[in-house]
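# Descriptive analysis of the structure
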Amino acid sequence: MHNLIIISDLHLRDGSVADTFTNERACIDLLLAYKNDIIVLNGDIFDISYTQSLPIIENTYPRLCDVIARYVTFIARGNHEAFLRTACNQYLYSQIQVDGIRIKHGHDYDALNHGSLAWAGDFVTWATGKIDRYIYRDFTEDIGGVVFRMLRQGKFGDLERYRRFALDTISRDGTIDSLVLGHTHIKEVRPELRYWNTGCWVRGHTDVLIIPVSSNPVVRLWE
Ligand SMILES: [Mn+2]
């Protein structure tokens, strides 16, 4: 029996006050502890919409990036990595499936990133990156926090709708037994719905999802 280890939404930035990544040592220890299993990073790991530059992130977190390059099996692309194709010498996939477990970041299911409104989601991602980059210090803990919550509310509406929309995928695709998303930063364990959310690994959160899988699982990858 192998394990599938999934974490998401680290939002690695530049180590400044606007960088909400937390507990690097614990994150490295986790990845090393499961290096013989299947480790998937489920999107918004490298916050390119904030830093505009992968080398800034790699220089800020050299040890973590080295461990990711060596031991992470697959990386799914999040909305903050929309234009990133590779990181830590690994390709970023839009979706990953291990046996019947479909893993994707899930931003295409939120109200702003879906279909013809995808530009709005891209804009919000871009704008929050700019807000954090230039006025975070005076902003985020008060007014910025309120604005951020409003943006988040606009994106997700209620989590019930986001989840239900995503779960429609399962009913339409016969190869999927269960779905693992990230993006909302809210960890959910809903095996009765065949739905999980990997939560996040930022200030106050070190969420990780561990699912046992067969020793020789069938893997499918989407560019
Ligand atoms: Mn996201």
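Residues numbered from 1 in each chain as written. Predicted model: local features only at pLDDT ≥ 70, side-chain atom pairs only at ≥ 80, totals over all residues.

### What about the environment of Arg 77?
Relative to the assigned elements, Arg 77 resides in the loop between strand E3 (74-76) and strand E4 (86-87). Arg 77 gets classed as buried once you count the C-beta atoms within 10 Å, which come to 27. Along the primary structure Arg 77 and Asn 42 are separated by 35 residues, whereas in three dimensions their C-alpha atoms are 7.1 Å apart. Those residues within four positions of Arg 77 in sequence are excluded, and the remaining contacts are Gly 43, Leu 84, Leu 92, Tyr 93, Ser 94 and His 105. (Helix = DSSP H or I, 4+ residues; strand = E, 2+ residues; numbered from the N terminus. Buried ≥ 20, exposed ≤ 12 C-beta atoms within 10 Å, placed from the backbone. Contact = placed C-beta atoms within 7 Å.)

### Comments concerning unusual backbone geometry
Positive phi, normally seen in glycine, also occurs at Asn 23, with a value near 50 degrees. With a phi angle near 50 degrees, Asp 99 is a residue other than glycine that sits in the positive phi range. As for its placement among the helices and strands, Asp 99 is situated in the loop between strand E6 (95-98) and strand E7 (101-103).

### Notes on the sheet that holds strand E1 (residues 2-7)
What the six strands build is an open sheet, ordered E4-E5-E3-E2-E1-E11; its pairing is mixed. Looking at strand neighbours, the two that pair on one side only are E4 and strand E11 (209-213), the edges of this open sheet. Direction of pairing for E4 relative to strand E5 (residues 90-93): antiparallel, over a ladder of two bridges. Following the sheet pairing, Thr 86 is matched in E5 by Tyr 91. (Pairing = 2+ DSSP bridges.)

### Some remarks on helix H4 (residues 62-71)
One full turn of an α-helix is made of 3.6 residues, so residues set three or four places apart face in the same direction. Listed as buried for H4 are Leu 64, Cys 65, Val 67 and Ile 68. For H4, the angular spread of the buried residues around the axis is 160 degrees, confining them to a single face. Residues of H4 that are exposed and point over 90 degrees away from its buried face: Pro 62, Arg 63 and Arg 70. On the buried face of H4, the contacting elements are helix H1 (24-33) and helix H3 (54-60). (Arc of directions from axis to C-beta.)

### Considerations on the sheet that holds strand E9 (residues 187-190)
Read from one edge to the other, the open sheet built from six strands follows the order E9-E10-E8-E7-E6-E12, with strand pairing classed as mixed. With partners counted over all chains shown, the strands left at the sheet margins are E9 and strand E12 (219-222), one partner each. For this sheet, the mean inter-axis angle between neighbouring strands, taken without regard to orientation, is 20 degrees. Pairing analysis gives three bridges linking strand E8 (residues 178-181) to strand E10 (residues 195-198), with the strands arranged parallel. Across the sheet, the residue bridging to Leu 179 is Tyr 195, located in E10. Running at roughly 135 degrees to E8, helix H7 (residues 159-172) makes contact with E8 and E10 of the sheet. (Axes fitted to C-alpha atoms, helices over the stretch in contact; angles between N-to-C directions.)

### Some remarks on the nonpolar core
Core analysis: the biggest nonpolar cluster contains 44 residues, and Ile 6, Val 40, Ile 75, Ala 76 and Val 180 have the highest contact counts within it. Non-local contacts of Ala 76, meaning those with residues more than four positions away in its chain, are made with Val 40, Leu 41, Asn 42, Gly 43, Leu 92, Tyr 93, Gln 95, Ile 96, Ile 103, Lys 104 and His 105. (Core = buried A, V, L, I, M, F, W, Y, C linked by C-beta atoms within 7 Å.)

### Things to note about H7
Under the 1.5 Å per step criterion, the end-to-end length of H7 is 21 Å for 14 residues, consistent within 8% with the ideal 20 Å. Along H7, the residues that are buried comprise Tyr 162, Arg 163 and Ala 166. Here the buried residues of H7 occupy an arc of 90 degrees about the axis, which is enough to place them on one side. Of the exposed residues in H7, the ones pointing more than 90 degrees away from its buried face are Glu 160, Asp 168, Ser 171 and Arg 172. (Expected span 1.5 Å × (residues − 1).)

### A look at the packing of H1 against H4
Direction vectors running N to C along H1 and H4 enclose 15 degrees, while the axes themselves pass 10 Å from each other. Regarding the angle of H1 to H4, the classification is roughly parallel. Remark: the crossing between H1 and H4 carries left-handed chirality. Facing Glu 24, Cys 27, Ile 28, Leu 31 and Leu 32 of H1, the residues of H4 in contact are Arg 63, Leu 64, Val 67 and Tyr 71. Among the residues forming the contact of H1 with H4, the class breakdown is seven nonpolar, no polar and two charged. (Parallel < 35°, antiparallel > 145°, perpendicular 65-115°, else oblique. Left-handed = near helix turned anticlockwise from the far one by under 90°. Nonpolar A, V, L, I, M, F, W, Y, C, P; charged D, E, K, R; others polar.)

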